[in-house]
Amino acid sequence: MQRYPHLFSPIRIGETTVKNRIFMPPISTNLADKGYVTDALVAHYAARAKGGVGLIVTEVTTVEPTYIYLPGDMSIHDDSFIPGWEKLTAAVHQYGAKILPQLFHPAYMAFPVPGTPRLIAPSNVGPYYAKEAPRAVTCEELQTLIRQFGEAARRVKQAGGDGVEIHAAHAHGLLGGFLSPLYNKRTDAYGGDLNGRLRLTLEVVAQVRKVCGKDFIIDVRISGDEYTDGGQNLNDSIYVAKQLEQAGADFLHISGGTTIMRGSSIPAPGTPMGSHIRLAEEVKKYISIPVASVGRITEPWLAEELIANGRTDICMIGRANLCDSAFAQKAETGKEADIRPCIGCLRCLNGIMFGKRIACTVNPSLEPENEDTVTQAETKKNVLVIGAGPAGMEAAYIAAKRGHHVVLCEKEEEPGGQLRIAAVPIAKQDLAKVVKYMSLRLQKAGVEIRYSCTVTGEMLAQEFNGWEVIAGTGAFPAVIEPFTVFKQWMTADDILAGRAFPGRKTVVLGGGSVGCETADYLAPLIDDLFPRNREITLLEMTDHIMPGETGPGRSLLVQRMRKKGVRMICGAKVERVDEECIYYRKDGEEYCIADADTLVFAIGYRKDASVEEMLKASHNTYDMIGDADTVGNLKSAVSQGYEVARRI
């Protein structure tokens, strides 16, 4: 029997039937070329269609040429874009999926390309990061913009597209800004109250329907609640939904939050799955057209539950379909364990604002040749992989997929390496799924795995003589030797691995991600001054906590530490330590922490040179990968394991 009968049942959207309820929401890729569809874009969306998605909403597609959202986003502002869209729609349709571009005008969110005129907005209110206030768009200009939305939709239909999504959510872009009281302070017909703020979106919907006819899907994306004082709330959105239905929308894509309130619209790792479902469920009560929900719907059981329980009609599954293009197909055929797990880290979008193409931490290849279609090696070899951390597991899997005979040796009793430790802090539990997934995949690929096995020079000279060697042996936590005179010291890894247990008054040295996650892990869940609560002080030498991290995960972590009473001191350089005291200098003055009972090192990692020295002495051909090569992150480790094994 089908495990997910509701998820894989067809649904009627206007005049169109979609084969299942798994829709892919817009995720920017930076794969377009000056707005034009590229072969890489076609391959990207075709892979998701082939993987079983019922309907795809593409990334932002701009409707006019003046304002650019992101350098590599799509456009359809004149007829020259139609041939590329014809190629894209045909590629998606061959697998039975439907496709809608997300029509968008970035307005005050536009990318500051040199020569761009002053940005426009509902009012002269810009996002907090703007360098100047935008100007209020005139009513005459709005009439032009409405026609541009209609013409863009006409081109989509001419190119074979099934409809459009009109983006009016997240207080984002032109329509989202007009709808939100945070940005719309107008007193004319397009502002002043909810009906005024909604008018522009209703007129865009009417124009698209007029130009494209009844058999063309119109989907409108709105925030059910902006989760912000002064913003649009659920009562507003229920009314908005009713008006959009009357105006001719075929379904509504209910999101939440705003783009400038980090973690509200795109939820962070470790937050509840189905983050905006309450909003979709409530809106659904008051309209008859289908409703889609979005936000960390990353597992098929949850999507099935949300639909079966009547909370939504459609699940927008974005990052999970990015992480595994065959997500839908694997769920439908009962192969859930083979779904590559999305950990919600948002590495996929971290580089987008800087012009980098889309990427994934867990999936090292988003190209036509990927982990599932990797080519066979011309010459089959014997390959020894040392270390079953993420880099080693990836390398072993790809080498085996290419037809090599692979032996993987791991000195511990189980796989995962640093990932097992990294999964321990609050909100990081999804990393455990990665270890489980990669381990299962190795077994299916026929890799011989030897646990509690430390590779020696003697083994290299005898059993593995002449083998290709890939070493992913990781790195070890750094410590500052003179500071180990303190009465009790340990590393963050010692704590997270359960090898050591700190006292009640703990000083964490290092305010990077590991130090902050460890402080968060140790701090009391509630800062209620309970006598046995731990008191955590975090010392960071630079001027900022986690200076190399961005995104909602960082934001929520810092917020939690503040709520728990973690004392965070930046610009603090620890200069000396004795058995009882920790001395640091800040702003030219020396301070002493005299009541701490534990000093925790979270100052980074260092390579273990002994493994490479052993390999050099063995005369085997070898590659160092992951932290054993260059200390990095999970994405760099997995990607390097993939690339090295693909070359052997």
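Refer to the preceding data block for the structure.
Residues numbered from 1 in each chain as written. Predicted model: local features only at pLDDT ≥ 70, side-chain atom pairs only at ≥ 80, totals over all residues. Heavy atoms only, no water.

Novice: What exactly am I supposed to notice about the overall build of the chain here?
Specialist: Scanning the chain from terminus to terminus reveals 20 helices and 28 strands. Projecting the C-alpha coordinates of the chain onto the three principal axes gives extents of approximately 75 × 65 × 50 Å. In the chain, which comprises 648 residues, the proportion classed as buried is 56%. Long-range pairs, those at least 24 residues apart, make up 71% of the contacts in the chain with a sequence separation of at least 6. A total of about 26,500 Å² of accessible surface is found on the chain, and carbon and sulfur atoms cover 51% of it. (Helix = DSSP H or I, 4+ residues; strand = E, 2+ residues; numbered from the N terminus. Buried < 20%, exposed > 50% of the residue type's maximum accessible area, 1.4 Å probe, protein only. Contact = heavy atoms within 4.5 Å. Areas by Shrake-Rupley, 256 points an atom, 1.4 Å probe, with all protein chains shown as cover.)

Novice: Explain the sheet that holds strand 20 (residues 505-509) here, please?
Specialist: Paired through backbone hydrogen bonds, the strands of a sheet run either parallel or antiparallel to each other. With respect to topology, five strands assemble into an open sheet ordered 19-26-20-21-22, the strand pairing being parallel. The open sheet is flanked by strand 19 (489-491) and strand 22 (567-570), the only strands paired with a single partner. Sheet twist, expressed as the average angle between the axes of neighbouring strands with direction ignored, equals 20°. Here strand 20 pairs with strand 26 (residues 598-601) via four bridges, running parallel. The residue of strand 26 that forms the bridge with valine 508 is valine 600. Strands in contact with helix 17 (residues 513-522) are strand 20 and strand 21 (535-540); relative to strand 21, the strand with the most contacts, it is inclined by about 170°. (Pairing = 2+ DSSP bridges. Axes fitted to C-alpha atoms, helices over the stretch in contact; angles between N-to-C directions.)

Novice: Sorry, what's going on with helix 2 (residues 82-93) here?
Specialist: Three or four residues apart is the spacing at which side chains of an α-helix point the same way, because the helix has 3.6 residues per turn. Relative to the 16 Å expected for twelve residues at 1.5 Å per residue, helix 2 spans 16 Å between its end C-alpha atoms, a close match to the ideal helical length. Taken together, the buried positions of helix 2 are occupied by Ile82, Gly84, Trp85, Leu88, Thr89, Ala91 and Val92. In this structure, the buried side of helix 2 is in contact with helix 1 (39-50), strand 4 (55-62), strand 5 (74-75), strand 6 (98-104) and helix 3 (139-158). (Expected span 1.5 Å × (residues − 1).)

Novice: Would you mind showing me how to read unusual backbone geometry here?
Specialist: Backbone phi values are negative for most residues with the exception of glycine, while trans is the configuration of most peptide bonds. Unusually for a residue other than glycine, asparagine 30 sits at a positive phi of about 60°. Within the fold, asparagine 30 resides in the loop between strand 3 (22-24) and helix 1. Positive phi outside glycine occurs at tyrosine 227, with the angle close to 55°. Its place among the elements puts tyrosine 227 in the loop between strand 10 (217-223) and helix 6 (234-247). Taking the relative accessible area as the measure of exposure, tyrosine 227 reaches 30% and is therefore partly exposed.

Novice: Can you walk me through helix 18 (residues 552-563) in this structure?
Specialist: Given a rise of 1.5 Å per residue, twelve residues ought to cover 16 Å, and the 16 Å separating the end C-alpha atoms of helix 18 matches this to within 8%. Considered for burial, the residues of helix 18 that qualify are Pro552, Ser555, Leu557, Val558 and Met561. At its buried positions, helix 18 is contacted by helix 17 and strand 22. In the stretch just after helix 18, glycine 565 is the one whose phi turns positive, near 85°.

Novice: Looking at this structure, I do not really get a nonpolar patch on the surface. What am I missing?
Specialist: Among the surface-exposed residues, Ile426, Leu525 and Ile526 lie close enough to one another that they form a single nonpolar patch of about 320 Å² accessible area. Looking at the secondary structure, you find leucine 525 in the loop between helix 17 and strand 21. Overall, the relative accessible area of 72% leaves leucine 525 in the exposed class. (Patch = residues over 30% accessible without salt bridge, like charges linked within 9 Å, V, L, I, M, F, W, Y side chains within 5 Å. Salt bridge = Lys/Arg side-chain N within 4 Å of Asp/Glu carboxyl O.)

Novice: Help me out: how do you make sense of the side chain of aspartate 219 in this one?
Specialist: The topology assignment puts aspartate 219 in strand 10. Of the side chains with opposite charge, arginine 221 comes closest to the buried, unpaired aspartate 219, at an N-O distance of 7.5 Å. Residues contacting aspartate 219, with those up to four places away along its chain left out, are Val57, Leu100, Val164, Glu165, Ile166, Phe251, Leu252 and His253. (Lys, Arg positive; Asp, Glu negative; His and termini not counted.)

Novice: Explain the environment of isoleucine 582 here, please?
Specialist: Structurally, the position occupied by isoleucine 582 is in strand 24 (residues 582-586). Expressed as a C-alpha distance, the spacing of isoleucine 582 and phenylalanine 483, which sit 99 residues apart in the sequence, is 8.7 Å.

Novice: Any chance you could explain the packing of helix 5 (residues 194-212) against helix 6 here in plain terms?
Specialist: In helix packing, the relevant descriptors are the interaxial angle and the interaxial distance, both defined with respect to the helix axes. Running from N to C, helix 5 and helix 6 cross one another at 30°; their axes reach a closest spacing of 10 Å. The angle between helix 5 and helix 6 falls in the class roughly parallel. Of the two elements, helix 5 crosses helix 6, and the hand of that crossing is right-handed. Of the residues in helix 6, those touching helix 5 at Leu194, Asn195, Arg197, Leu198, Thr201, Leu202 and Val205 are Asp236, Tyr239, Val240, Gln243, Leu244 and Ala247. (Parallel < 35°, antiparallel > 145°, perpendicular 65-115°, else oblique. Left-handed = near helix turned anticlockwise from the far one by under 90°.)

Novice: What exactly am I supposed to notice about the packing of helix 12 (residues 390-401) against helix 14 (residues 431-445) here?
Specialist: Between helix 12 and helix 14, the shortest axis-to-axis distance is 10 Å and the interhelical angle comes to 25°. The orientation of helix 12 with respect to helix 14, classified from their angle, is roughly parallel. The handedness of the crossing between helix 12 and helix 14 comes out as left-handed. Along the contact surface, helix 12 presents Pro390, Met393, Glu394, Ala396, Tyr397 and Ala400, while helix 14 presents Met438, Ser439, Arg441, Leu442 and Ala445.

Novice: How should the state of the cysteines be read in this particular structure?
Specialist: Note: disulfide means a covalent bond formed between the sulfur atoms of two cysteine side chains. What the rule picks out here adds up to zero disulfides. Left unpaired, cysteine 348 is separated from the closest cysteine sulfur, that of cysteine 345, by 6.4 Å. The thiol of cysteine 409 is unpaired, and the distance to the nearest cysteine sulfur, on cysteine 453, comes to 3.8 Å. (Disulfide = S-S within 2.5 Å.)

Novice: Where do I start with the packing of aromatic side chains in this structure?
Specialist: Each aromatic ring pair is described using two quantities: the centre-to-centre distance and the angle formed by the ring planes. Scanning all chains against the criterion turns up eight aromatic pairs. A centroid spacing of 4.0 Å and a plane angle of 15° characterise the contact between tyrosine 36 and phenylalanine 81, whose relative ring orientation is stacked. Taken together, the residues tyrosine 36 in the loop between strand 3 and helix 1 and phenylalanine 81 in the loop between strand 5 and helix 2 connect sequence positions 45 residues apart. Seen in terms of ring centroids, phenylalanine 464 and tryptophan 467 are 4.9 Å apart; in terms of plane orientation they differ by 80°. Their pairing is edge-to-face. (Phe/Tyr/Trp six-rings, centres within 6.5 Å; stacked < 30°, edge-to-face > 60°.)

Novice: Would you take a moment to explain the pattern of salt bridges for this structure?
Specialist: It is possible for side chains of opposite charge to pair when their charged atoms get near one another. Tallied over the full model, the rule gives 35 salt bridges. A salt bridge links arginine 155 to aspartate 79, with the shortest nitrogen-to-oxygen separation between them at 2.9 Å. With a gap of 76 residues between them, arginine 155 in helix 3 and aspartate 79 in the loop between strand 5 and helix 2 connect regions that are remote in the sequence. Arginine 155 sits in the buried class, given a relative accessible area of 8%.

Novice: Would you take a moment to explain the nonpolar core for this structure?
Specialist: The tendency in soluble globular proteins is for nonpolar side chains to be buried side by side. Among the nonpolar cores identified, the biggest contains 139 residues, and Leu88, Ile166, Leu200, Val208, Val220, Leu244 and Leu252 are the most heavily contacted of them. Top element by residues in this core is helix 12. It accounts for eight residues. The next biggest cluster of nonpolar side chains, apart from the first, holds 19 residues, and it includes Ile495, Cys516, Leu522 and Met546. (Core = buried A, V, L, I, M, F, W, Y, C linked by side-chain atoms within 4.5 Å.)

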